[in-house]
Amino acid sequence: QVQLVESGGGLVQAGGSLRLSCAAAGSIVNINAMGWYRQVPGKQREFVSSIILTTKLTNYADSVKGRFTISRDNAKNTVHLQMNSMKPEDTGVYYCTAVKFGLNYWGQGTQVTVSS
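Colleague: Can you lay out the overall build of the protein for me, pointing to particular residues and giving the numbers?
Modeller: Secondary structure summary: the protein contains 0 helices and 11 strands in total. Counting from the amino terminus, the protein carries its helices and strands in the arrangement β-β-β-β-β-β-β-β-β-β-β. Viewed in the frame of its principal axes, the protein has a C-alpha envelope of about 40 × 25 × 20 Å. Counting the 116 residues in the protein, one finds 40% classified as buried. The contacts in the protein between residues at least 6 apart in sequence include a share of 53% that link residues at least 24 apart. Here the protein contributes 11 positive and 6 negative side-chain charges, whose respective centroids are spaced 5 Å apart.

What follows is the structure, given as structure tokens:
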């Protein structure tokens, strides 16, 4: 099993920044990618960003390109999401995910609220 613990959520004004972190623990061998999704009430969970742990290849949703940056610290089994120039539409619960053998593992989520 893979356990994921997110941290760093909170309340920020529009234009501000937040940094989310996700620490992986447990059976972390063979995790090949990690990433972030977000969800607001009444909507489906949507992709935000991902990173391949070995190649550092990254991917972003169009809505966050140029504002968000994902990075990984392999030594600490941690992935970060730096969020800049935040907008009210970035509000939601952010979930960390890890992919291992084609299966997604999820964290408990952290609330991010951007006020206008």
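After that view, the rundown keeps rolling.
Colleague: So what about the state of the cysteines? Which residues, and what values?
Modeller: Scanning the model with the defined rule gives 1 disulfide in all. Disulfide partner of Cys22: Cys96, at an S-S distance of 2.0 Å. Disulfide Cys22-Cys96: the torsion about the S-S bond is -80 degrees, which places it as left-handed. Separated by 74 residues along the polypeptide, Cys22 in strand S3 (residues 18–26) and Cys96 in strand S9 (residues 92–100) bring together distant segments of the chain. The two residues Cys22 and Cys96 agree in class, both being buried.

Colleague: Tell me about the sheet that holds strand S8 (residues 78–83), residues and numbers included.
Modeller: The 4 strands lie next to each other as S1-S3-S8-S7, forming an open sheet whose pairing is antiparallel. Strands at the two margins of the open sheet, each flanked by one partner only, are strand S1 (2–7) and strand S7 (68–73). Geometrically, the sheet is characterised by an average inter-axis angle of 15 degrees between neighbouring strands, direction not taken into account. Two strands pair when backbone bridges link them, and S3 and S8 are joined in this way by 6 bridges, in the antiparallel orientation. Looking at S8, one finds that Ala23 is bridged to Thr78.

Colleague: Requested: an account of the nonpolar core, with residues and values cited.
Modeller: Counting residues in each nonpolar core, the largest one holds 28 residues, and the members touching the most others are Leu4, Met34, Trp36, Leu81, Met83, Tyr94 and Val112. Counting residues per element, this core draws most heavily on S3, which supplies 4 residues. The residues touching Met34, leaving out its near neighbours within four places in the chain, are Leu4, Cys22, Ala24, Ser50, Ile51, Leu53, Ile70, Val79, Cys96, Thr97 and Ala98.

Colleague: Provide a residue-level description of the environment of Asn59, including the pertinent values.
Modeller: Relative to the helices and strands, Asn59 resides in strand S6 (residues 58–60). Measuring from C-alpha to C-alpha, the distance between Asn59 and Ile70 comes to 8.6 Å, with 11 residues separating the pair along the chain. Those residues in contact with Asn59 that sit more than four places away from it in its chain are Phe47, Val48, Ser49 and Ser50.

Calculation criteria
- Residues numbered from 1 in each chain as written.
- Predicted model: local features only at pLDDT ≥ 70, side-chain atom pairs only at ≥ 80, totals over all residues.
- Heavy atoms only, no water.
- Helix = DSSP H or I, 4+ residues; strand = E, 2+ residues; numbered from the N terminus.
- Buried < 20%, exposed > 50% of the residue type's maximum accessible area, 1.4 Å probe, protein only.
- Contact = heavy atoms within 4.5 Å.
- Lys, Arg positive; Asp, Glu negative; His and termini not counted.
- Charge placed at Lys NZ, Arg CZ, Asp CG, Glu CD.
- Disulfide = S-S within 2.5 Å.
- Pairing = 2+ DSSP bridges.
- Axes fitted to C-alpha atoms, helices over the stretch in contact; angles between N-to-C directions.
- Core = buried A, V, L, I, M, F, W, Y, C linked by side-chain atoms within 4.5 Å.

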